[in-house]
Amino acid sequence: MTQDELKALVGQAALAYVVPGQVVGVGTGSTVNCFIDALATIKGRIAGAVSSSEKSTERLRAHGIQVLDSNGVEQIPVYIDGADEIDQAGHMIKGGGAALTREKIVADIAERFICIADESKLVQTLGRFPLPVEVIPMAAAQVSRRLRALGGEPALRAGVVTDNGGHIIDVRGLRITDPAAMEFEINQWPGVITVGIFARHRASVCLLGTPQGVRTLSF
């Protein structure tokens, strides 16, 4: 199966986790696009969606799915999103699509995080995929210096401005053996909006697309 076919497979499988009559949290990215297309087939059974990006909002609305303001929603049963990497404990690296801050906000409202990914995203240790860090523009140089001190190789993602007006620094060369500790440390630095480590908001379930079908990992 191609990677696109695997993404479509897990996008369809995620429908089983959507709670009828409730709001669903929707992430961002190519795998989530497959989920949104699948969600359109049952849009009459949900109360609407809370979206983590402008791109996902546009796709949801194009399918006739109501998008709700997160400030008006107290709780969401499930948040469904992809990952750039996920480890055996459900910790993730996210932010390849530059929506990491809003993704964390929606994940924080949700009771459960359902990760949908193809099998190439499952790793033993996070860090092979460059770690995104969203920053206030005036802090980019200082944050980059601190990331170098951790042993990383930071580079500003050219031409990217997030939905929040932030910039993205991608960090290569890190081996993230303690995701929760690194997430906490980097998030304390002045000028950091958020780091793309999802340890505090880790996945509850991962639906992993494989040539043999969908493999379900529970954490």
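Everything that follows concerns the structure shown earlier in this document.
Residues numbered from 1 in each chain as written. Predicted model: local features only at pLDDT ≥ 70, side-chain atom pairs only at ≥ 80, totals over all residues. Heavy atoms only, no water.

> Any chance you could explain the packing of helix 1 (residues 3-13) against helix 2 (residues 30-39) here in plain terms?
In a pair of packed helices, the angle between the axes and the distance between the axes together describe the arrangement. At their nearest, the axes of helix 1 and helix 2 sit 8 Å apart, and the two run at 50 degrees to each other. In terms of axis orientation, helix 1 runs oblique to helix 2. In terms of crossing hand, the pair formed by helix 1 and helix 2 is right-handed. Taking contact as the criterion, the partners of Lys7, Ala8, Val10, Gly11 and Gln12 in helix 1 are, on helix 2, Ser30, Thr31, Cys34, Phe35 and Ala38. (Axes fitted to C-alpha atoms, helices over the stretch in contact; angles between N-to-C directions. Helix = DSSP H or I, 4+ residues; strand = E, 2+ residues; numbered from the N terminus. Parallel < 35°, antiparallel > 145°, perpendicular 65-115°, else oblique. Left-handed = near helix turned anticlockwise from the far one by under 90°. Contact = heavy atoms within 4.5 Å.)

> Can you walk me through the environment of Leu150 in this structure?
Residue position: Leu150 is located in the loop between helix 5 (140-149) and strand 8 (153-156). Separated by 24 residues in sequence, Leu150 and Leu174 place their C-alpha atoms 8.0 Å apart. In contact with Leu150, other than residues within four places in its own chain, are Leu174, Glu185, Ile186 and Trp189.

> What should I look at first to understand unusual backbone geometry in this one?
Excluding glycine, residues mostly have negative phi values, and the peptide bonds linking residues are mostly trans. Backbone geometry at Ala98 places phi at a positive 65 degrees, although glycine is not the residue there. Position of Ala98 relative to the elements: it lies in the loop between strand 5 (92-93) and helix 4 (100-109).

> In this structure, what is going on with helix 3 (residues 54-62)? I would like to understand it.
Structural remark: α-helix, 3.6 residues per turn; residues separated by three or four positions point the same way. Taken together, the buried positions of helix 3 are occupied by Ser56, Thr57 and Leu60. One side of helix 3 carries all its buried residues, which in axial view fall inside an arc of 105 degrees. Along helix 3, the residues that are exposed and aim more than 90 degrees away from the buried face are Lys55, Glu58 and Ala62. The elements touched by buried residues of helix 3 are strand 1 (23-26), helix 2 and strand 2 (48-51). (Buried < 20%, exposed > 50% of the residue type's maximum accessible area, 1.4 Å probe, protein only. Arc of directions from axis to C-beta.)

> I'm lost on the sheet that holds strand 7 (residues 131-135) in this one. Help?
Working definition: the strands of a sheet are paired by backbone hydrogen bonds and lie parallel or antiparallel to each other. On the basis of which strands lie adjacent, the open sheet formed by four strands has the order 8-9-7-10 and antiparallel pairing. In this open sheet, the two edge strands, each paired with only one partner strand, are strand 8 and strand 10 (192-195). On average, each strand axis in the sheet is inclined to that of its neighbour by 25 degrees, with strand direction left out of account. Judged from the four bridges that link them, strand 8 and strand 9 (residues 167-172) form a sheet pairing that is antiparallel. (Pairing = 2+ DSSP bridges.)

> How should the packing of aromatic side chains be read in this particular structure?
The geometry of an aromatic ring pair is captured by the separation of the ring centres together with the interplanar angle, meaning the angle of the planes. Taken as a whole and judged by the stated rule, the model has two aromatic pairs. Note on Tyr79 and Phe113: the rings are 5.0 Å apart at their centroids and 80 degrees apart in plane angle, and the pair reads as edge-to-face. With Tyr79 in strand 3 (residues 76-81) and Phe113 in strand 6 (residues 110-118), this pair connects stretches of sequence that are 34 residues apart. Owing to a relative accessible area of 0%, Tyr79 belongs among the buried residues under this scheme. Residue Phe113 is classed as buried on the basis of its relative accessible area of 4%. Directly above the ring of Phe198 sits Lys94, whose terminal nitrogen or CZ lies 5.5 Å from the centroid. Over the ring of Phe198 we find Lys104; its NZ or CZ atom is 5.2 Å from the centre of that ring. (Phe/Tyr/Trp six-rings, centres within 6.5 Å; stacked < 30°, edge-to-face > 60°. Lys NZ or Arg CZ within 6 Å of the ring centre and 35° of its normal.)

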